[in-house]
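Structural overview for review
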Protein chains: 2
Amino acid sequence: MAALYNRVALIGLGLIASSMAHAMRANGLAKEIVGYAKSAETRAVAVEIGLCDRVTDTAVEAVLGADLVVLAVPVGAMGELAEEIGAHLAAGTTVTDVGSVKQAVIAAVAPHMPEGVHFIAGHPIAGTEHSGPRSGFATLFVNRWWLLTPMEGADPAAVARLRALCEGMGAKVDEMDAAHHDLVLAVTSHTPHLIAYTMVGVADDLSRVTDSEVINYSAAGFRDFTRIAASDPTMWRDVFLTNKDATLEILGRFTEELFALQRAIRLGDGDHLHAYFTRTRAIRRGIIEAGQDTAAPDFGRSAIVVEKSG
Amino acid sequence: MAALYNRVALIGLGLIASSMAHAMRANGLAKEIVGYAKSAETRAVAVEIGLCDRVTDTAVEAVLGADLVVLAVPVGAMGELAEEIGAHLAAGTTVTDVGSVKQAVIAAVAPHMPEGVHFIAGHPIAGTEHSGPRSGFATLFVNRWWLLTPMEGADPAAVARLRALCEGMGAKVDEMDAAHHDLVLAVTSHTPHLIAYTMVGVADDLSRVTDSEVINYSAAGFRDFTRIAASDPTMWRDVFLTNKDATLEILGRFTEELFALQRAIRLGDGDHLHAYFTRTRAIRRGIIEAGQDTAAPDFGRSAIVVEKSG
């Protein structure tokens, strides 16, 4: 594939940015990749593993001459970063981000973007529970969705070019309004994560059940919660603080439904429970049919089964 | 390995029993395997795929002459089944079950066991979200825990023989008190399942987020919930109705902690959130070290990553 950008600046070199570096290289999407991270240790690792063509000592150096700048830092750090680099961005540059929340990022970043710079917020829905510059891999985005939330009046050519980059890394791209993005992600990601964190915290607190029991018998269902509760704490703190309204709304609905099921258990209402549990199977089938998971009982892992018998 | 039992009767031919049939055969643990299921269709499938040496038309026929009887029906059906077969069990026979709840099964089954029959309740912590006679496979129990909850005064030789069977199928065996089992499973399995069912139900209800969005963007975390919320509805109804007290206790603690996190979000208390999310990573590491999951980002599945970026 012909390179889509001459110089891509990756600011922040965690899982997403390092996977982008691998994926852009593997697919010849950028002529040069420049990287910067706040932590000197992260920069040293990036140099050691040859993640980028160049690693700079400041964010400003990284963005000079770049035609694409990717903000890949925690959501809470986006505003300060945008303020720092804003004045150094040339007209015609595209700036995007990979944050999990879009309204708050747009509010923090857009005011610092000079006239003629195309700021197009984005969010790749892919990842693992690992973080840091060593955790990236070139196929992270393959068959995953990359949501773009361009503002009104965004330049169609700039959007199309960014979209081509995402697709070049194997992703499927969808465009939507930032507020809708934040609601959808509150349902599919933010609230599930908060719940998983809570359940793991409860298990850790319960003195009558030892940690080793929780760990040994985790295959009964709990294990899936720990996987999502192991994600980066800073990233998740920022997600909840910046997508507060949507998360609290979905949490409210969640506790309402949970209380209804809790009441059915207390009253012994088996029909209510059975009907509820039957309904949820259809969604699971939809996910497998949409290619976002596999039905294989062991996911190809021999003797490590992900699910549960109770 | 020398056969441990001459004739094993499997009553109920779902995921666990059919996996036992495959595992016992693969490891030469039983000279003859006899099967029975309430549904004529299930029996027909079992005959078609050659799951057992014989499939009988009644539970009583299946247990005649068996030296091991495995009750592998939903927890709510155990009492009636025990009553039906009790009088036909010869002294010296071992009876076990594979239910996810132990106190309720013991209360329902033990009164129907004649003098000289060894009833040793059990629970293999393994499974997939699939059910039925076709879903079993021989390695389901490999490296998984099988909990036995023998009653006071249980015959040590009968317990040792049953333990050897479980180990012969690849499982690790632990013995514990039935009440403790029910509390541990309320934490590691029952409450996580109820929560997962609830979250999937909320997503399904939310009309502003279409089903296809929830499904498409499920890789952000929601997908792991749907996997555990796709399990057999009848089995889970019975689990909650029969392990009511422990489940309600853990649910109470869960909602208490969830409300504390919800309050931290509302008040913008980032330190509280960060500290909480940091603590949960340790449990995840423990699960990987205990061999109950893998740290591989893609579980060996190319381009299908189980985790999330937000």
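See the structure above.
Report on the accompanying structure. Note that the structure is a prediction, hence the values are computed from the model and not measured.

Definitions and cut-offs
Residues numbered from 1 in each chain as written. Chains lettered and ligands numbered in written order. Predicted model: local features only at pLDDT ≥ 70, side-chain atom pairs only at ≥ 80, totals over all residues. Heavy atoms only, no water. Helix = DSSP H or I, 4+ residues; strand = E, 2+ residues; numbered from the N terminus. Buried < 20%, exposed > 50% of the residue type's maximum accessible area, 1.4 Å probe, protein only. Contact = heavy atoms within 4.5 Å. Buried area = accessible area lost by both parts, 1.4 Å probe. Salt bridge = Lys/Arg side-chain N within 4 Å of Asp/Glu carboxyl O. Polar contact = N/O pair within 3.5 Å; in protein donor to acceptor, adjacent residues only side chain to side chain. Nonpolar A, V, L, I, M, F, W, Y, C, P; charged D, E, K, R; others polar. Pairing = 2+ DSSP bridges. Right-handed = clockwise from strand over helix to strand, strands pointing away. Disulfide = S-S within 2.5 Å.

On to the environment of alanine 107 of chain A. Residue and element names in this part refer to chain A. As for its placement among the helices and strands, alanine 107 is situated in helix α5 (residues 103-109). Alanine 107 gets classed as exposed once you look at its relative accessible area, which sits at 56%. Sequence-wise, alanine 107 and valine 73 are 34 residues apart; in three dimensions their C-alpha atoms are separated by 16 Å.

This part takes up the interface of chain A and chain B. Tallying the contact residues gives 120 residues for chain A and 120 residues for chain B. Interface of chain A and chain B: buried area, both sides summed, is about 11600 Å²; carbon and sulfur atoms make up 67% of it. For the chain A face of the interface with chain B, the top three residues by lost area are Tyr217, Ile265 and Phe277 of chain A, together amounting to 7%. At the boundary of chain A and chain B, one finds five salt bridges. Connecting chain A to chain B are 17 residue pairs in polar contact (both at pLDDT 80 or more). Examining the composition of the side of chain A that touches chain B, we find that 23 residues originate from one element, helix α7 (residues 178-205) of chain A, more than from any other. Of the residues belonging to the side of chain A that touches chain B, the class tally is 61 nonpolar, 34 polar and 25 charged.

To continue, consider the pairing of strand β2 (residues 30-36) of chain B. All names here are of chain B. Burial runs high along β2: six of the seven residues are buried. Relative to β2, strand β1 (residues 5-11) runs parallel, the two being bridged by six bridges. Counted as the bridge partner of isoleucine 11 is tyrosine 36 from β2. A crossover connection joins β1 to the parallel β2 through helix α1 (residues 15-26); in handedness this β-α-β unit is right-handed. Judged from the two bridges that link them, β2 and strand β3 (residues 54-55) form a sheet pairing that is parallel. Across the sheet, glycine 35 pairs through a bridge with valine 55, a residue of β3. Following the backbone out of β2, through helix α2 (residues 40-48) and into the adjacent parallel β3, one traces a crossover that is right-handed.

What follows covers the state of the cysteines. The full count for this structure, using the stated rule, is zero disulfides over all chains. Between cysteine 166 of chain A, a cysteine without a disulfide, and cysteine 52 of chain A, which holds the nearest cysteine sulfur, the sulfur-to-sulfur distance is 18 Å.

Turning next to unusual backbone geometry. The residue asparagine 143 of chain A is not glycine, and still its phi comes out positive at about 70°. Checked against the element boundaries, asparagine 143 of chain A lands in the loop between β6 (118-125) and β7 (145-150).

Note that every value here comes from positions in space, so none of it alone points to a role or purpose.
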